[in-house]
Amino acid sequence: MLALLAAFALAAERPAAECAPKEGCVQLKAPQLFDLADQMYARGDKAGAAQILESLVRDKHPELRAEARFRLAAVFESMGDLKGAARALRDLLAEQPNANRARLELARILGRMGEAAQAKSELARAEKIGLPPEVEQNVRHFAASLSATKRRGLTLELTAGPDTNINRSTSSEFVDTIIAPFQLDADARQQSGEGFSASARAYSRDQVGQIEILSDAAVRADLYDKGRFNDVQMGLDTGPELTLGQLTVRPAAVFEKRWFGNRPYSNGVGGDLDVTVPTARDAQISLTASSVHQTIIPDGDQDGWQTFAEADFLKTIGAGTLARFSVRYGRLDARARPESLRQLGSGLLVARESGPVTLFGELDYTRTRGIEAQFLFGKIRRDHRIDLSCGLILNRAKIAGFSPLMRLTHTNSSANIALFEYRRTRLDFGVTRSF
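Bear in mind that the values here come from a model prediction, so they are computed numbers and not experimental data.

Colleague: So what exactly am I meant to see when it comes to a nonpolar patch on the surface here?
Modeller: Taken together, the side chains of Phe-313, Phe-325, Val-327, Leu-348 and Val-350 define a hydrophobic patch exposed on the protein surface, amounting to about 390 Å² of accessible area. Counting residues per element, the ones that place at least two in the nonpolar patch are strand 11 (321–334) and strand 12 (341–354). Here Val-327 lies in strand 11.

Here is the structure:
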């Protein structure tokens, strides 16, 4: 096979008269070599296909050299050799700097390599040369997504606004029990107020030997004018991020902590596994599974393992529109069986960038079921919750680098036990920024 490939390579470089006298020499024209490379690739012989294409990059015709390098980059990428793919595209652009298709491919591969700054530089060059309108919007979305491949990153969001139910509680004054109707304390009933929310997510990619470690830290604080309902949650996770062919796989160790009413509420330790599967250039599937043991400080009966699984399908629809559909399953296996729960849910998010404004809307449904009757109520818990949210981000109206946002959210939880039935509406005004 190597001798045959060598003959093919020579045939691509030498005139017919030089090859004909030699016994066993085979002469093929460039289109035949491209076709042969495609056949070998289809049979799974990627190394052989790459060797043929490498011979073609020395062809005397610049168009054929460019085509060979473009195809070679695709073969190298499929073999997991991202550096080789980037090198082939850079060689192509060195000869043909206006080849925008190759430049966009180079930006995408640099993004996969974690070289976000270089990828953005290539995108800027492509836009300067000129892009068709139907391509330009997708390029902008891709440029925005490159922040996720940077070595370090931080996203901040600060919002404030009125909230009709800051403690997510029932409006009923009395609840029926198997003993007698109980009157609820004021703090166990719906309370309205003003809320301030702050969230931050930071991440770091660090090389340890041949392995890249991705670490995340996230914190969210929901603070109210009635401080006894303040809710602060923190999460940390770290683990290797592995590229297996077209898959991105990340197992991680997880630590969680929560405070409620300015007091420690829970701790959690466990692990999760994330898998990203590209299904097309404009779509991907993300799979997540986690298992965390939680310790509930005020009520040990709720201690136990929380298990969660989710699948997200993300797709770009036309120019400037992004959609995400998700399905999920969760379970809590608590120390006290009446506190154990099973959940099913699904959601749809649609975002549309139109010039200076990004519009978004989300619909989410969650069904919660207990596995054993709660003694005080003599019933197995059964809830149905619907969450609606919509809003906008002003992309160009910057305030110290932050983009203004407005968001309206509404929750409707119906349940067979009055304690878990509530309504909530909140209007937020704030700013967001990614560094």
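The structure having been displayed, the exposition proceeds.
Colleague: Is there a simple way to think about the pattern of salt bridges in this case?
Modeller: Pairing is possible between side chains that carry opposite charge, provided their charged atoms lie close to one another. One pass over the structure, following the stated rule, counts 27 salt bridges. For Arg-69, the salt bridge identified is with Glu-95, shortest N-O distance 3.3 Å. Highlighted residues: Arg-69 in helix 5 (residues 62–78) and Glu-95 in helix 6 (residues 82–95), separated in sequence by 26 residues. Residue Arg-69 is classed as buried on the basis of its relative accessible area of 13%. Looking at Glu-95, the relative accessible area reads 39%, which means it is partly exposed. Residue Arg-324 is joined to Glu-362 by a salt bridge in which the shortest nitrogen-to-oxygen separation is 3.3 Å. Placement of the pair is Arg-324 in strand 11 and Glu-362 in strand 13 (residues 357–370), with a sequence separation of 38 residues. Within the structure, one salt-bridge network assembled from shared partners comprises Asp-163, Arg-424, Arg-426 and Asp-428.

Colleague: How do you make sense of unusual backbone geometry when you look at a structure like this?
Modeller: Leaving glycine out, the prevailing phi sign among residues is negative, and the prevailing peptide bond configuration is trans. Within the chain, Asn-262 stands out as a residue other than glycine whose phi angle is a positive 65°. Mapped onto the elements of the fold, Asn-262 is located in the loop between strand 7 (247–260) and strand 8 (263–280). Overall, the relative accessible area of 55% leaves Asn-262 in the exposed class. Residue Ala-400 is not a glycine yet carries a positive backbone phi of 55°. Within the element layout of this structure, Ala-400 appears in the loop between strand 14 (382–394) and strand 15 (403–415). A residue is classified by how much of its surface remains accessible, and Ala-400, at 66% relative accessible area, is exposed.

Colleague: Where do I start with the packing of aromatic side chains in this structure?
Modeller: When we look at a pair of aromatic rings, we describe it by the centre distance and by the angle of the planes. For the coordinates displayed, the defined rule picks out 0 aromatic pairs. It is Arg-381 that lies over the ring of Phe-420; its NZ or CZ is 3.7 Å from the centre. Above the ring of Phe-402, the side-chain terminus of Arg-433 is found at 5.8 Å from the ring centroid.

Colleague: When you look at the packing of helix 4 (residues 46–56) against helix 5 in this model, what are you seeing that I'm missing?
Modeller: How two helices pack is summed up by the angle between their axes together with the distance between the axes. Two elements in contact, helix 4 and helix 5, have axes whose closest approach is 8 Å; the angle formed by their N-to-C orientations is 155°. On the basis of their axis angle, the class for helix 4 and helix 5 is roughly antiparallel. For the element pair helix 4 and helix 5, the recorded crossing hand is left-handed. Of helix 5, the residues touching helix 4 (which contributes Lys-46, Ala-50, Leu-53, Glu-54 and Leu-56) are Leu-64, Arg-65, Ala-68, Arg-71, Leu-72, Val-75, Phe-76 and Ser-78. Across the contact of helix 4 with helix 5, the residue classes break down as 8 nonpolar, 1 polar and 4 charged.

Colleague: Would you take a moment to explain helix 7 (residues 100–112) for this structure?
Modeller: Each α-helix winds once per 3.6 residues, and so residues spaced three or four apart point in a common direction. For helix 7, built from 13 residues, the straight-helix expectation of 18 Å at 1.5 Å per residue is met to within 8% by its first-to-last C-alpha distance of 18 Å. Of all the residues in helix 7, the buried ones are Asn-100, Ala-102, Arg-103, Glu-105, Leu-106, Ala-107, Ile-109, Leu-110 and Gly-111. Directly after helix 7, the chain includes Gly-114, whose backbone phi takes a positive value near 85°.

Colleague: Any chance you could explain the environment of Leu-223 here in plain terms?
Modeller: Take Leu-223: it is sitting in strand 5 (residues 211–224). The partly exposed category is assigned to Leu-223, whose relative accessible area is 31%. In the structure, Leu-223 is positioned 29 residues away from Glu-194 in sequence and 8.6 Å away in space, judged by C-alpha atoms. Once residues lying within four places of it in the same chain are set aside, the contact partners of Leu-223 are Glu-194, Gly-195, Phe-196, Asn-230 and Val-232.

Colleague: When you look at the environment of Phe-260 in this model, what are you seeing that I'm missing?
Modeller: Within the element layout of this structure, Phe-260 appears in strand 7. Judged by relative accessible area, which is 33%, Phe-260 ranks as partly exposed. Considering only alpha carbons, one finds Phe-260 and Asp-231, 29 residues apart in sequence, at a separation of 4.6 Å.

Colleague: What should I look at first to understand helix 6 in this one?
Modeller: When the terminal C-alpha atoms of helix 6 are compared, their 21 Å separation across 14 residues agrees well with the 20 Å that a helix rising 1.5 Å per residue should span. Looking only at helix 6, the buried set comprises Leu-82, Gly-84, Ala-85, Ala-86, Ala-88, Leu-89, Leu-92 and Leu-93. Looking at the packing, one finds that the buried side of helix 6 touches helix 5 and helix 7.

Colleague: Even after reading the chapter, I still don't get the packing of helix 6 against helix 7, so can you show me in this structure?
Modeller: Taken N-terminus to C-terminus, the directions of helix 6 and helix 7 make an angle of 155°; their axes are 9 Å apart at the nearest point. Considering their axes alone, helix 6 and helix 7 lie roughly antiparallel with respect to each other. At the point where helix 6 passes helix 7, the crossing takes the left-handed sense. Within the contact between the two elements, helix 6 uses Leu-82, Ala-85, Ala-86, Leu-89, Arg-90, Leu-92 and Leu-93 and helix 7 uses Ala-102, Arg-103, Glu-105, Leu-106, Ile-109, Leu-110 and Arg-112. Looking at side-chain class alone, the contact of helix 6 with helix 7 contains 10 nonpolar, no polar and 4 charged residues.

Colleague: How should the nonpolar core be read in this particular structure?
Modeller: In a soluble, globular protein the nonpolar side chains are often hidden away together inside. The biggest cluster of nonpolar side chains holds 33 residues, and the ones touching the most others in it are Ile-52, Leu-53, Leu-56, Leu-89 and Ala-102. Elements represented by at least two residues in this core include exactly helix 3 (30–42), helix 4, helix 5, helix 6, helix 7 and helix 8 (116–129).

Colleague: In this structure, what is going on with the confidence of the model for the protein chain? I would like to understand it.
Modeller: Segments scoring low in pLDDT should not have their predicted coordinates read at a detailed level. Here the protein chain shows a mean pLDDT of 83. Residues at 70 or above account for 86%. Counting contacts from residues 1–18, a segment whose pLDDT is below 50, to residues more than four positions away or on other chains yields 26 contacts.

Colleague: I tried to follow the pairing of strand 12 on my own but got confused; where do I start?
Modeller: Looking along a regular strand, one sees side chains alternate from face to face of the sheet. As judged from the 12 bridges shared by strand 11 and strand 12, these two strands associate in the antiparallel manner. Across the sheet, the residue bridging to Tyr-329 is Leu-344, located in strand 12. What sits between the antiparallel neighbours strand 11 and strand 12 is a turn of 6 residues. Where strand 12 meets strand 13, 14 bridges bridge the pair, whose relative direction is antiparallel. Counterpart to Gly-345 in the pairing with strand 13 is Thr-366.

Quick notes on the rules
- Residues numbered from 1 in each chain as written.
- Predicted model: local features only at pLDDT ≥ 70, side-chain atom pairs only at ≥ 80, totals over all residues.
- Heavy atoms only, no water.
- Patch = residues over 30% accessible without salt bridge, like charges linked within 9 Å, V, L, I, M, F, W, Y side chains within 5 Å.
- Areas by Shrake-Rupley, 256 points an atom, 1.4 Å probe, with all protein chains shown as cover.
- Salt bridge = Lys/Arg side-chain N within 4 Å of Asp/Glu carboxyl O.
- Helix = DSSP H or I, 4+ residues; strand = E, 2+ residues; numbered from the N terminus.
- Buried < 20%, exposed > 50% of the residue type's maximum accessible area, 1.4 Å probe, protein only.
- Phe/Tyr/Trp six-rings, centres within 6.5 Å; stacked < 30°, edge-to-face > 60°.
- Lys NZ or Arg CZ within 6 Å of the ring centre and 35° of its normal.
- Axes fitted to C-alpha atoms, helices over the stretch in contact; angles between N-to-C directions.
- Parallel < 35°, antiparallel > 145°, perpendicular 65-115°, else oblique.
- Left-handed = near helix turned anticlockwise from the far one by under 90°.
- Contact = heavy atoms within 4.5 Å.
- Nonpolar A, V, L, I, M, F, W, Y, C, P; charged D, E, K, R; others polar.
- Expected span 1.5 Å × (residues − 1).
- Core = buried A, V, L, I, M, F, W, Y, C linked by side-chain atoms within 4.5 Å.
- pLDDT = per-residue confidence, 0-100.
- Pairing = 2+ DSSP bridges.

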